[in-house]
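# Chains, contacts and geometry: an overview
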Amino acid sequence: MAGRVVTPNPLTREAFAPYGDVIETHDQARVLEINQGYTRRFHDLAKVDVAAQGGRTLINIFRSIPLPSPLLLEVMERHPLSSQAFIPLNQRPYLVAVAAPGELDPREIEVFLAGPHQGVNYHKGTWHHFCLALGEVSDFLVVDRGGEGDNCDEISLSSDQAITINLED
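So, a few notes on the structure that sits alongside this text.

Cut-offs applied
What you see as residue numbers is a count from 1 along each chain, following the sequence as written. Where totals are concerned, whole chains, interfaces and linings use all residues; where local detail is concerned, this predicted model gives features only for residues with pLDDT of at least 70, and gives and counts side-chain atom pairs only at 80 or more. With hydrogens and water stripped out, all remaining heavy atoms of the structure feed into the side-chain values. Each helix corresponds to a stretch of at least 4 residues labelled H or I by DSSP, and each strand to a stretch of at least 2 residues labelled E; elements are numbered beginning at the N terminus. Partly exposed residues are those whose accessible area sits between 20% and 50% of the maximum for their type, while under 20% is buried and over 50% is exposed, using a 1.4 Å probe and protein chains only. By the convention used here, residues are in contact when the closest approach between their heavy atoms is within 4.5 Å. Using a 1.4 Å probe, accessible areas were evaluated by the Shrake-Rupley method; residue-level cover was limited to the displayed protein chains. The convention is simple: Lys and Arg are positive, Asp and Glu are negative, and His and the chain ends are not counted. Here the site of a charge means NZ on Lys, CZ on Arg, CG on Asp, or CD on Glu. A pair is scored as a salt bridge if a Lys or Arg side-chain nitrogen falls within 4 Å of a carboxyl oxygen belonging to Asp or Glu. Only a pair of cysteine sulfur atoms within 2.5 Å qualifies as a disulfide here. What makes two strands pair is DSSP finding at least two bridges between them. Inter-axis angles, ranging from 0 to 180 degrees, are taken between N-to-C directions of lines fitted to C-alpha atoms, where helices are fitted over the stretch in contact. With a 1 Å grid spanning the protein atoms alone, the term cavity applies to any set of points in which a 1.4 Å probe fits but cannot get out, the term pocket to an open set with protein on both sides within 12 Å along at least five of seven lines, and the term lining residue to any residue with an atom within 4 Å of a point. Grid points are joined across faces, edges and corners, and a volume is the space filled by probe spheres set on the points. Note that Gly is not counted as nonpolar here; it falls among the polar residues with everything else outside the nonpolar set of Ala, Val, Leu, Ile, Met, Phe, Trp, Tyr, Cys and Pro and the charged set of Asp, Glu, Lys and Arg.

### As for the overall build of the protein chain
When its secondary structure is counted, the protein chain shows one helix and 17 strands. Expressed as lengths along the three principal axes of its C-alpha atoms, the size of the protein chain is roughly 55 × 40 × 30 Å. Each of the 169 residues in the protein chain was classed as buried or not, and the buried ones make up 43%. In the protein chain, once contacts between residues fewer than 6 apart in sequence are set aside, the share between residues at least 24 apart is 82%. Total accessible area on the protein chain stands at roughly 9,400 Å², and carbon and sulfur atoms take up 50% of it. Once the 13 positive and 23 negative side-chain charges of the protein chain are each reduced to a mean point, those two points are 8 Å apart.

### Structural notes on the pattern of salt bridges
One pass over the full model with this rule turns up six salt bridges. In this structure, the salt-bridge partner of D153 is R78, at a minimum N-O distance of 2.9 Å. Of the two residues, D153 sits in strand β16 (residues 153-156) while R78 sits in strand β8 (residues 75-78), which places them 75 residues apart along the sequence.

### What to know about the state of the cysteines
Counted according to the given criterion, the structure contains zero disulfides. Among the cysteines around C152, which has no disulfide bond, C131 carries the closest sulfur, lying 12 Å off.

### Here we look at the sheet that holds strand β6 (residues 56-64)
Strand order in this open sheet of five strands is β3-β12-β9-β15-β6, and the pairing throughout is antiparallel. With partners counted over all chains shown, the strands left at the sheet margins are β3 (20-23) and β6, one partner each. When the angles between neighbouring strand axes are averaged without regard to direction, this sheet yields 15 degrees. Where strand β9 (residues 84-88) and strand β12 (residues 119-122) come together, three bridges link them in antiparallel fashion.

### Looking at the pairing of strand β5 (residues 39-43)
Two elements, strand β4 (residues 30-34) and β5, share five bridges in a ladder whose sense is antiparallel. Bridged to R30 within β5 is H43. The loop that links β4 with its antiparallel partner β5 comprises four residues; one of these, N35, has a positive phi angle of about 55 degrees.

### Remarks on the layout of surface pockets
Taken as a whole, the largest pocket encloses approximately 200 Å³ of empty space. Surrounding the largest pocket, R13, A17, G20, D21, V22, H26, H43, D44, L45, A46 and K47 form its lining. Of the residues assigned to the lining of the largest pocket, the class counts are four nonpolar, three polar and four charged.

### Quick word on empty space enclosed by the protein
All chains considered together, the criterion is met by one cavity of 30 Å³ or more. Volume-wise, the largest cavity comes out at about 60 Å³. The wall of the largest cavity is formed by F86, Y94, L95, V96, A97, Y122, H129, F130, C131, L132 and F140. The element best represented in the lining of the largest cavity is strand β10 (residues 94-99), accounting for four residues.

See the structure below:
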């Protein structure tokens, strides 16, 4: 068993703001009517940041396999040169585990339950777990950085720092 058991909190723009942006339609979004009024554009929902050291924007699809149960978080990563956005392509919820930029404090890792209509954009340097699909293999559209420079730091959590996710509540 891991050192700490957490129950995910609902993903909200306010709760996630220290780590990045929630990508979803919402009442405060700037909405533009385009395409002769047949399309509503929810404008500029995330701050994509990939320009460090001559980086360029990549658009990828990640196919994520759910971790076995009980769900155990044993690793965290960050991208010191860019943001990284995940937008679910399947109609399934998923988990988001994050911690503030800087030195990783495993006691400060927060876990959110994202709805199938919500994407996330991790700000540069934000610690996060890799995609945490729930129940079934899930695809995510991922916007991140390509180019020179080392843009992925990974830390393994010791057994007393690892986190078990409680999905029973």
